[in-house]
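# Observations on chain architecture
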Amino acid sequence: MPKTQDCHVCGSESAAVYKKAIPTDIKLKGFKKFTVECPSWECKSCGEIYGGKKENAVLYEKIAQEKAKQLANKVKASEITSLTLAAKMLHMSRQAVHKAVKKGQINYVLIGNQMCPIIKDIEHYAETRTA
Ligand SMILES: [Zn+2]
């Protein structure tokens, strides 16, 4: 039995079927177009594909990962920092910064397994957070 739910878009009872990986095209300013595969609900009645909170969290994470890959070729070592220093800059816990970075609120690149946030994006985040 596939997992179903009432469609969030048209309301049809049990019409939305859970799909593990639906490819979604992402176009972002300053990035090459890319496709991410993300869990979603697809409605058999209205054809709409949508994600709930949980599915969207996966989507944002995958977008952030792809951005990190593309940024790896563009960003200089002097333009990135560590999560620890980012936490100091933002007066936040390292864990909270890690969460924001993972969600894509701050762009990063991967150095080994380390997420290295981009300094100008930390500054941007600091500005928008207080605004
Ligand atoms: Zn529907």
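Below is a short write-up of the structure. (Residues numbered from 1 in each chain as written. Predicted model: local features only at pLDDT ≥ 70, side-chain atom pairs only at ≥ 80, totals over all residues.)

## What about the pairing of strand β5 (residues 108-111)?
Successive side chains on a regular strand alternate, one facing one side of the sheet and the next facing the other. With four bridges joining them, β5 and strand β6 (residues 114-117) adopt antiparallel strand pairing. Residue pairing in the sheet places Tyr108 in a bridge with Pro117 of β6. Connecting β5 to the next strand, β6, in antiparallel fashion are two residues, including Gly112 with a positive phi near 65°. (Pairing = 2+ DSSP bridges. Helix = DSSP H or I, 4+ residues; strand = E, 2+ residues; numbered from the N terminus.)

## What about unusual backbone geometry?
Here the phi dihedral of Ser14 falls at roughly 50°; this positive angle occurs in a residue that is not glycine. Along the chain, the position of Ser14 falls in the loop between β1 (4-5) and β2 (16-26). Phi angles above zero are rare outside glycine, and His91 is one such case at about 55°. Checked against the element boundaries, His91 lands in the loop between α2 (83-90) and α3 (94-102).

## Re the packing of α2 against α3
With their axes 8 Å apart at the nearest point, α2 and α3 run at an angle of 105° to one another. In terms of orientation, α2 and α3 fall into the roughly perpendicular class. Across the interface between the two elements, Leu83, Thr84, Ala86, Ala87 and Leu90 from α2 touch Arg94, Val97, His98 and Val101 from α3. The residue inventory of the contact of α2 with α3, partitioned by class, reads six nonpolar, two polar and one charged. (Axes fitted to C-alpha atoms, helices over the stretch in contact; angles between N-to-C directions. Parallel < 35°, antiparallel > 145°, perpendicular 65-115°, else oblique. Contact = placed C-beta atoms within 7 Å. Nonpolar A, V, L, I, M, F, W, Y, C, P; charged D, E, K, R; others polar.)

## Section: α3
Owing to its 3.6 residues per turn, the α-helix aligns residues three or four sequence positions apart on the same side. Listing the buried residues of α3 in full gives Val97, Ala100 and Val101. One face of α3 carries all of its buried residues, which in axial projection span an arc of 100°. In α3, the exposed positions angled more than 90 degrees off the buried face are occupied by Gln95 and Ala96. A positive backbone phi angle near 90° is found at Gly104, which sits one or two residues after α3. (Buried ≥ 20, exposed ≤ 12 C-beta atoms within 10 Å, placed from the backbone. Arc of directions from axis to C-beta.)

## Focus: the pairing of strand β3 (residues 34-43)
Sheet topology places β2 next to β3; nine bridges connect them, and they run antiparallel. Of the residues in β3, the one forming a bridge with Ile22 is Cys38. As paired strands, β3 and strand β4 (residues 49-50) are joined by two bridges and run antiparallel to one another. Bridge pairing in β4 links Trp41 to Tyr50. Once β3 ends, the chain turns through five residues before running back antiparallel as β4, passing Gly47 with a positive phi of about 80°.

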